[in-house]
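An overview of the molecular structure
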Amino acid sequence: MMQPKPDPRLVRQLVTRLDEAGLRPEDAVVLAVAGSSDARAVDDCEVMGRMLGHAIGREVLVGYISAVQPALPDAVETARSRSGGRRVVVATYLLAPGYFADLAGRAGADVVTEPLLSAADPAPHEMVELVVERFGM
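Computed from a prediction, not measured in an experiment: that's the story for all the values here.

1. A short note on unusual backbone geometry
A cis amide bond links glutamine 69 with the next residue in sequence, proline 70, at an omega value of 5°. Of note, the phi angle at alanine 67 is positive, near 70°, even though the residue is not glycine. Along the polypeptide, alanine 67 turns up in the loop between strand E2 (60-64) and helix H3 (72-82). Using a relative accessible area of 65% as the deciding quantity, one classes alanine 67 as exposed.

Laid out in structure tokens, this is it:
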């Protein structure tokens, strides 16, 4: 079976979360990802960072919560230094609240978005479509 690639619908959901968090034109953005020992998954995270950067019109650094470097707090610090101390926003590329989302929240950013899904809100239609397509439900 072929490995699924990053999907533009996930980018749109990340952009929605950034908008909800009050992203400003001058903010630096870091994509927080779980991390993996699978090089293909890491490559996909880097692709997602570039896709998000294209969608919001700025560079997006990728920071990893586990298994891969740069660690998320290091990526946040790099973004802060590159942006001249401006606000750093972490876009959380995690499916749901939990341990990794809590770690993302403590990585030193000024703002951290909600995960892609929230217990308080219904799942976005595009996210449901993606799951159905990928897992044949």
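2. A few points about H3
Buried residues of H3: Leu72, Ala75, Val76, Ala79 and Arg80, and no others. Down the axis of H3, the smallest arc covering the buried residues is 140°, so these residues share one side. Exposed residues lying more than 90 degrees from the buried face of H3 are Ser81 and Arg82. Its buried side turned inward, H3 meets strand E1 (28-33), E2, strand E3 (88-92) and helix H4 (99-105). Glycine 84 occupies a position one or two residues after H3 and carries a positive phi of about 70°.

3. Re the packing of aromatic side chains
The geometry of two aromatic rings is summed up by the distance between their centres and the angle between their planes. Tallied over the full model, the rule gives one aromatic pair. Where tyrosine 99 meets phenylalanine 100, the ring centres are 5.9 Å apart and the plane angle is 45°; that geometry is what we call tilted. Residue classification places tyrosine 99 among the exposed positions, given a relative accessible area of 57%. Owing to a relative accessible area of 29%, phenylalanine 100 belongs among the partly exposed residues under this scheme.

Parameters at a glance
Residues numbered from 1 in each chain as written. Predicted model: local features only at pLDDT ≥ 70, side-chain atom pairs only at ≥ 80, totals over all residues. Heavy atoms only, no water. Helix = DSSP H or I, 4+ residues; strand = E, 2+ residues; numbered from the N terminus. Buried < 20%, exposed > 50% of the residue type's maximum accessible area, 1.4 Å probe, protein only. Arc of directions from axis to C-beta. Contact = heavy atoms within 4.5 Å. Phe/Tyr/Trp six-rings, centres within 6.5 Å; stacked < 30°, edge-to-face > 60°.

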